[in-house]
Protein chains: 2
Amino acid sequence: MHDLTRSLKQHSDSKIVMLVADGLGGCPMEPGGLTELETAQTPNLDSLARRSVLGGSIPVKPGITPGSGPGHLGLFGYDPLEYIIGRGALEATGIGFELGPHDVAIRGNYCTLDAQGKISDRRAGRISSEESAPLAVRLREVRIEGIEVFVEPVKEHRFVVVLRGPGLGGQVHDTDPQTTGVPPLEPKAGDAASRRTAEVAAEFVRQGCKLLADEKKANGLTLRGFSAKPKLPTYDDVYGLRAAAIAVYPMYKGLARLVGMTIVGKAQTIDEQIGVLESEWKNYDFFFIHFKYTDSTGEDGNFMAKVRRIEELDAVVPRILSLDPTVLVVTGDHSTPSLLRGHSWHPVPTLLHSRVCRPDHSSGFTEREATRGGLGLFEAKYLMPLVLANAGRLGKFGA
Amino acid sequence: MHDLTRSLKQHSDSKIVMLVADGLGGCPMEPGGLTELETAQTPNLDSLARRSVLGGSIPVKPGITPGSGPGHLGLFGYDPLEYIIGRGALEATGIGFELGPHDVAIRGNYCTLDAQGKISDRRAGRISSEESAPLAVRLREVRIEGIEVFVEPVKEHRFVVVLRGPGLGGQVHDTDPQTTGVPPLEPKAGDAASRRTAEVAAEFVRQGCKLLADEKKANGLTLRGFSAKPKLPTYDDVYGLRAAAIAVYPMYKGLARLVGMTIVGKAQTIDEQIGVLESEWKNYDFFFIHFKYTDSTGEDGNFMAKVRRIEELDAVVPRILSLDPTVLVVTGDHSTPSLLRGHSWHPVPTLLHSRVCRPDHSSGFTEREATRGGLGLFEAKYLMPLVLANAGRLGKFGA
């Protein structure tokens, strides 16, 4: 599809807003009940739905539950089965670490080693974040010739290592043996280009274990998810769009940055995010606005809290519409039903509004209306071509 | 899909009619309004819809607006992203030039050259068709050893050249530099098999410019879209169908001919086209009937004229039904909303009627009903397998 959009893209003064409510889709808690979106009072979205075309976005393929990475890549128009973001790179992205082209990112776990150097606890007794944060600072003392080493704390027993230097491939096997009673594995290269990475990682482990030797719980470490910076073509390249991201959390800023979006503003609330949208309106063609709380409340299994967050989102819709965007899309990267307390595979209710969108029979913005809307069920990766078409930014294919 | 249909096709006495209303799909002109198809009084199609299965045909991929070539290839069951008709071949097809297997078709433009041989106007002052037609006749005086040269006028500054001879590849770069103040480019082969084509084209330009030398506006020419005859498997091969095309305009006759349909009749109106259908009924298995005016009125932005054309089409439906076709499909190659004054990406309302089609909830033939019909949204290339199945012409896959 990117070959198509790249060859057909054309200039336009149109403005596009993609409002992403993370984990938007839901489920009824009881048979015969309503979903979170059906329960919420959403007069603005319902009214907009009657002038829009709706559909159900399938994040990856039917039945496949995505993480945040593939969920957003799909929405951004990048086939999530083709473009894979390695675990280390995603973890680094999630804490706001901006990966460079010569970086290899790795997820680290503290573990407990016994006197024989065998793992007795793979998670170092689930050490608290308060206890583990200073350890990451200590690991920064590792020195490896020709390599810059970054260590950043994550939650509890987790941390991130980034190795920066020439000639580092991203294909190294995990050192976590996934069991106890055995020592951590040696870092082993998965291809010739990653031999140096494996050597550097082994040296990091050697020095790191020395630095941690006196710790009671976290006296060892394992490394997982080695990955280079993913190579994604940019929004400018494939769509001809100057794109801006208005997000609160590092993960979503990072994902947007990977596709060439510019991170704008320092908003902490959805109201502040819309304020940034207003002030940056003239500077970009495309705005990605990320709203986290429909996901986190769903993950908590807190149905009514998710309902209230949806209503909070509904309240800002008029402010967006008053900017008169050429195309406004409201969607999510995946569903997070409170019923499941986690991400799910269900199609995501999606609304596309433009002057030329050809409205359907939809009477409101709900999962049930969306999945029989005029866009039907579609794989998320097709949303961007539809958006570009509605924005007058794609020429004709063939004569 | 062709491997599948080729291996599963089976004989049957069934008769299939595919009625293609070019550019059928539309949009409301105002928010909350009706489309052209919803506005039109179509009692016959509405009644048929209640006994049929409906769907929305996506010509290429979501968001992609096709030209007539890819639009029809999709309907004919040929993946329009796999089978590409070169610009020259399509232009030749559009004026009714029947390409042979050793032909290379080229789009020509007259241009204005200054005293230094540099292009001062890429379109020769948009010379009128009346002025340019005799120039095409003059260019037929070009003589090249071993090559047959055809030159046909098109509209205004455009013409078509067909080079016929052995060993002519279709990969030659355009000679139009896409700018003024520089001379036309030399024809340059894109592959080894096209070196001879480039030499022949250079000789055509040399002699052609001499023949045009005394013209004031059109004293030069550029060549674009070099293309050999596209290689498409035939309807007989992939579907086992003896297929006939009943079309008024050369473009659609040409596209049908490319997939092995026989052009029948000399109808000029839809009533005459149905007359041809009646008289040829016994001679073919499959009939493609092309109705142009739903597209041309849409291109004109003339909503009410398109409405009347749809009603004109509706009026012939009983005559088709009285022939008792096994399968009747009513669809379009793409949408042409009057609102957009051009082709669009919107799904095309599609109706499939047969005794075994399993009807859906549709209450009439409209875009809104179709896109939530029993066929759902589907890529146009899947229509022919559905048609064959409904015609009893496809065996079981696997045991």
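Note that the coordinates shown come from a computational prediction; the quantities given were computed from them, not determined experimentally. (Residues numbered from 1 in each chain as written. Chains lettered and ligands numbered in written order. Predicted model: local features only at pLDDT ≥ 70, side-chain atom pairs only at ≥ 80, totals over all residues. Heavy atoms only, no water.)

A. How the structure looks around the interface of chain A and chain B. Listed as interface residues are 25 residues of chain A and, on the opposing side, 33 residues of chain B. Across the interface of chain A and chain B, roughly 2,400 Å² is buried in total on both sides, 65% from carbon and sulfur atoms. There are 0 salt bridges connecting chain A and chain B. Looking at the side of chain A that touches chain B, the element that brings in the most residues is helix 14 (residues 383-390) of chain A, giving 4 residues. By residue class, the composition of the side of chain A that touches chain B is 14 nonpolar, 6 polar and 5 charged. (Contact = heavy atoms within 4.5 Å. Buried area = accessible area lost by both parts, 1.4 Å probe. Salt bridge = Lys/Arg side-chain N within 4 Å of Asp/Glu carboxyl O. Helix = DSSP H or I, 4+ residues; strand = E, 2+ residues; numbered from the N terminus. Nonpolar A, V, L, I, M, F, W, Y, C, P; charged D, E, K, R; others polar.)

B. Quick peek at helix 10 (residues 270-280) of chain B. Residue and element names in this part refer to chain B. Among the residues making up helix 10, those that are buried are Ile270, Gln273, Ile274, Val276, Leu277 and Glu280. Viewed along the axis of helix 10, the buried residues span an arc of 155°, placing them on a single side of the element. Buried-residue contacts for helix 10 involve strand 1 (16-21), strand 8 (243-246), strand 10 (286-291) and helix 12 (303-321). (Buried < 20%, exposed > 50% of the residue type's maximum accessible area, 1.4 Å probe, protein only. Arc of directions from axis to C-beta.)

C. Main features of the relation of the copies chain A and chain B. Superposing chain A onto chain B takes a rotation of 124° combined with a translation of 0.3 Å along the rotation axis, leaving an RMSD of 0.2 Å. Taken together, the rotation and translation relating the two chain copies correspond to the operation of a three-fold axis. Judged by C-alpha distance, Arg372 of chain A is the residue of chain A that lies nearest the rotation axis, at 3.4 Å. Comparing interface residues between copies, only 4% of those in chain A also sit at the interface in chain B, which points to a heterologous contact through distinct surfaces. (Least-squares fit on C-alpha atoms with pLDDT ≥ 70 in both.)

D. Quick peek at the sheet that holds strand 11 (residues 327-331) of chain A. Residue and element names in this part refer to chain A. Taking strand neighbours across the sheet as the criterion, the 8 strands line up as 9-8-10-1-11-12-2-13 in an open arrangement whose pairing is mixed. Strands at the two margins of the open sheet, each flanked by one partner only, are strand 9 (262-263) and strand 13 (376-379). Alignment of strand 1 (residues 16-21) against strand 11, held across 5 bridges, turns out to be parallel. By the bridge assignment, Val20 is partnered in strand 11 with Thr331. (Pairing = 2+ DSSP bridges.)

E. Layout of unusual backbone geometry. All names here are of chain A. Although it is not a glycine, Asp324 sits at a positive phi angle of roughly 60°. Locating Asp324 in the fold gives a position in the loop between helix 12 (303-321) and strand 11. For Asp324, a relative accessible area of 62% translates into the label exposed. Non-glycine residue Arg358 carries a positive phi angle of around 55°. Here Arg358 shows up in the loop between strand 12 (348-353) and helix 13 (367-371).

F. Main features of the side chain of Arg393 of chain B. Residue and element names in this part refer to chain B. Along the polypeptide, Arg393 turns up in the segment after helix 14 (383-390). From its side chain, Arg393 meets the backbone oxygen of Ser12 in a polar contact 2.9 Å long. Filtering out sequence-adjacent residues up to four positions away, Arg393 remains in contact with Leu8, Lys9, Gln10, Ser12, Asp13, Ser14, Ile16, Gly240, Leu241, Asp285 and Leu388. (Polar contact = N/O pair within 3.5 Å; in protein donor to acceptor, adjacent residues only side chain to side chain.)

G. Structural context of the pairing of strand 8 of chain B. All names here are of chain B. Along strand 8, one buried face is formed by Ala243 and Ala245 and the opposite face, lined by Ala244 and Ile246, is buried too. The pairing of strand 8 with strand 10 spans 4 bridges and is classified as parallel. Bridge pairing links Ala243 to Phe286 in strand 10. In the sheet, strand 8 pairs with strand 9 (residues 262-263) via 2 bridges, with the strands oriented parallel. Residue pairing in the sheet places Ala244 in a bridge with Thr262 of strand 9. Of the crossover connections in this fold, the one passing from strand 8 over helix 9 (residues 250-258) to the parallel strand 9 is right-handed. (Right-handed = clockwise from strand over helix to strand, strands pointing away.)

H. Region of the structure containing the pairing of strand 10 (residues 286-291) of chain A. Residues and elements named next belong to chain A. In terms of residue burial, strand 10 counts as a mostly covered element, since 6 of its 6 residues are buried. Judged by which residues are buried, strand 10 turns out to be covered on both faces: Phe286, Phe288 and His290 on one side and Phe287, Ile289 and Phe291 on the other are all buried. Examined bridge by bridge, strand 1 and strand 10 share 6 bridges and lie parallel to one another. Of the residues in strand 10, the one forming a bridge with Val17 is Phe287.

I. Representation of the environment of Ala243 of chain A within the structure. Checked against the element boundaries, Ala243 of chain A lands in strand 8 (residues 243-246). Not counting residues within four places of it along the chain, the set of residues in contact with Ala243 of chain A comprises Tyr235, Gly260, Met261, Thr262, Tyr284 and Phe286 of chain A.

J. Structural context of the environment of Ala201 of chain A. Residues and elements named next belong to chain A. Following the sequence through the fold, Ala201 ends up in helix 7 (residues 195-212). Distance from Ala201 to Glu186, taken between C-alpha atoms, is 8.9 Å for residues 15 residues apart in sequence. Among residues more than four places away in sequence, those in contact with Ala201 are Leu163, Pro187, Leu223 and Phe226.

K. Examining a nonpolar patch on the surface more closely. Taken together, the side chains of Met29, Leu339, Leu340 and Trp345 of chain A present a nonpolar region at the surface, about 350 Å² in accessible area. Mapped onto the elements of the fold, Met29 of chain A is located in the loop between strand 1 and helix 2 (36-39). (Patch = residues over 30% accessible without salt bridge, like charges linked within 9 Å, V, L, I, M, F, W, Y side chains within 5 Å. Areas by Shrake-Rupley, 256 points an atom, 1.4 Å probe, with all protein chains shown as cover.)

L. Molecular detail of the packing of aromatic side chains. Enumeration according to the criterion identifies 25 aromatic pairs over all chains in this entry. With a centroid separation of 6.2 Å and 90° between ring planes, the pair formed by Phe76 of chain A and Tyr235 of chain A is classed as edge-to-face. Here Phe76 of chain A, found in the loop between helix 4 (68-75) and helix 5 (87-94), pairs with Tyr235 of chain A, found in helix 8 (residues 235-239); they are 159 residues apart in sequence, far enough to count as distant. With respect to class, Phe76 of chain A is no different from Tyr235 of chain A; both count as buried. Between the aromatic rings of Tyr78 of chain B and Tyr83 of chain B, the centroid separation amounts to 5.6 Å while the plane-to-plane angle is 70°, which identifies the pairing as edge-to-face. Each member of the pair, Tyr78 of chain B as well as Tyr83 of chain B, is classed as buried. Taken together, the ring pairs in this structure connect Phe76, Tyr78, Tyr83, Tyr235, Tyr239, Phe286 and Phe288 of chain A into an aromatic cluster. (Phe/Tyr/Trp six-rings, centres within 6.5 Å; stacked < 30°, edge-to-face > 60°.)

M. Seen up close, the nonpolar core. All names here are of chain A. Core analysis: the biggest nonpolar cluster contains 58 residues, and Phe76, Tyr78, Tyr235, Met261, Phe286 and Leu352 have the highest contact counts within it. Ranked by residue count, the leading element in this core is helix 14, at 6 residues. Ignoring anything within four residues of it in the chain, the contact list for Phe76 reads Tyr235, Tyr239, Leu255, Ala256, Val259, Met261, Phe288 and Met384. (Core = buried A, V, L, I, M, F, W, Y, C linked by side-chain atoms within 4.5 Å.)

N. Inspection of the packing of helix 10 of chain B against helix 12 of chain B at higher detail. All names here are of chain B. Relative orientation of the contacting elements helix 10 and helix 12 amounts to 20°, with a least axis distance of 10 Å. Classified by the angle between their axes, helix 10 and helix 12 sit roughly parallel to one another. Note on packing geometry: the crossing formed by helix 10 with helix 12 is right-handed. Mapping the contact onto sequence places Ile270, Asp271, Ile274, Gly275, Leu277 and Glu278 in helix 10 and Glu312, Leu313, Val316, Arg319 and Ile320 in helix 12. Class assignment for the residues of the contact of helix 10 with helix 12 results in 6 nonpolar, 1 polar and 4 charged. (Axes fitted to C-alpha atoms, helices over the stretch in contact; angles between N-to-C directions. Parallel < 35°, antiparallel > 145°, perpendicular 65-115°, else oblique. Left-handed = near helix turned anticlockwise from the far one by under 90°.)

O. Layout of the sheet that holds strand 2 (residues 53-58) of chain B. Residues and elements named next belong to chain B. Strand order in the open sheet formed by 8 strands is 9-8-10-1-11-12-2-13, with mixed pairing between adjacent strands. Here the strands that pair on one side only, and so sit at the sheet edges, are strand 9 and strand 13 (376-379). One ladder, built from 5 bridges, connects strand 2 with strand 12 (residues 348-354); its direction is antiparallel. Its bridge partner being in strand 12, Gly55 is matched across the sheet by Thr350. On the sheet, helix 4 (residues 68-75) packs against strand 1, strand 10 and strand 11 (327-331) and is oriented at approximately 155° with respect to strand 1. Where helix 10 meets the sheet, its contacts fall on strand 1, strand 8 and strand 10, and the angle it forms with strand 10 comes to roughly 175°.

P. Main features of the packing of helix 6 (residues 129-139) of chain B against helix 7 (residues 195-212) of chain B. All names here are of chain B. The contact between helix 6 and helix 7 brings their axes to 10 Å, and the two run at 130°. Accordingly, the angle class assigned to the pair helix 6 and helix 7 is oblique. The hand of the helix 6/helix 7 crossing is right-handed. Contact with helix 6, carried on its side by Leu135, Arg138 and Leu139, involves Phe204, Gly208, Leu211 and Leu212 of helix 7 and no other residues of that element.

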